[in-house]
Amino acid sequence: MRNTKTICKACGYQVKYSKLRAHNEVCRKTEVVTIKPFEPVAQTSQPVPVDVPNRSTFKCPFCSECNFDCKGLVEHCNKKHKSTSAAAVCPVCASMPWGNPNQKSSNFIDHLNLRHKFEYDTYVDYSVDDDVMLQAALKASMRDAS
């Protein structure tokens with residue numbers, strides 16, 4: 001992943017995947033690219049699943065402001081609660097299959113800044129077993145090292 005490259009859809013510049021998020025934040029042409037909102041192609045008779053956990057949006061544990069993605073939660077907490085060093089349950093970690101909804105981080109702001117610099121959906125396949133993902137990561141690491 002560290003050496004694999006992709007093309008920026010906004011400016012056409014070739015960027016390593018590991019640097020793509022940083023590039024997108026400074027790419028001037030990214031601002032003009034707009035993504036159309038999702039619209040269903042046709043009505044469906046399929047029920048909306050109710051047993052799927054929400055791993056997309058999170059509530060701030062300090063002020064209960066809602067609907068942050070992971071990056072938005074980090075930015076919000078750094079802006080509004082930077083001086084707070086209270087313990088709190090991390091809503092991102094609690095939403096993960098391996099998460100414990102009762103475990104509190106002793107300093108939530110530090111935890112956010114250390115552990116949530118990226119979106120898990122970019123790197124995690126929730127349908128794959130942890131051991132399988134670990135083996136794949138080790139193989140990729142060995143491949144990248146050579």
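Since this is a predicted model, take the numbers as computed values, not measurements.

### Quick look at the overall build of the protein chain
Step number 1: A count of helical and extended segments in the protein chain gives six helices and four strands.
Step number 2: When its helices and strands are written in sequence order, the protein chain yields β-β-α-α-β-α-β-α-α-α.
Step number 3: Counting the 146 residues in the protein chain, one finds 21% classified as buried.
Step number 4: Partitioning the intrachain contacts of the protein chain with sequence separation of at least 6 by distance along the chain shows that 35% fall at a separation of at least 24.
Step number 5: Counting every atom, the protein chain has about 11400 Å² of accessible surface; 53% of that belongs to carbon and sulfur.

### Focus on the side chain of S105
Step number 1: Relative to the assigned elements, S105 resides in strand β4 (residues 104-105).
Step number 2: The class of S105 is buried, set by a relative accessible area of 14%.
Step number 3: If sequence neighbours within four positions are ignored, S105 has contacts with A86, A87, A88, C90 and H111.

### Topic: the environment of I7
Step number 1: Mapped onto the fold, I7 is located in strand β1 (residues 5-7).
Step number 2: You can call I7 partly exposed: its relative accessible area is 47%.
Step number 3: Non-local contacts of I7, meaning those with residues more than four positions away in its chain, are made with G12, Y13 and Q14.

### Quick look at helix α2 (residues 70-80)
Step number 1: Along α2, the positions that sit buried rather than exposed are C70, G72, L73, V74, H76 and C77.
Step number 2: Here the buried face of α2 lies against α3 (91-95) and α4 (108-115).

### Here's the deal with the confidence of the model for the protein chain
Step number 1: Mean pLDDT over the protein chain stands at 81; residues scoring 70 or higher make up 84%.
Step number 2: Mean pLDDT in the protein chain bottoms out at helix α5 (residues 120-123), which sits at 68, and peaks at strand β3 (residues 88-89), which reaches 94.

### Focus: the nonpolar core
Step number 1: Ranked by size, the top nonpolar core spans 16 residues in total, and within it L73, C77, V92, F108 and L112 carry the most contacts.
Step number 2: Elements with a minimum of two residues in this core: α2 and α4.
Step number 3: Considering every element that reaches this core, the biggest residue donor is α2, with four residues.
Step number 4: Those residues within four positions of L73 in sequence are excluded, and the remaining contacts are F58, K59, C60, F68, P91, V92, F108 and L112.

So, how was this worked out
Residues numbered from 1 in each chain as written. Predicted model: local features only at pLDDT ≥ 70, side-chain atom pairs only at ≥ 80, totals over all residues. Heavy atoms only, no water. Helix = DSSP H or I, 4+ residues; strand = E, 2+ residues; numbered from the N terminus. Buried < 20%, exposed > 50% of the residue type's maximum accessible area, 1.4 Å probe, protein only. Contact = heavy atoms within 4.5 Å. Areas by Shrake-Rupley, 256 points an atom, 1.4 Å probe, with all protein chains shown as cover. pLDDT = per-residue confidence, 0-100. Core = buried A, V, L, I, M, F, W, Y, C linked by side-chain atoms within 4.5 Å.

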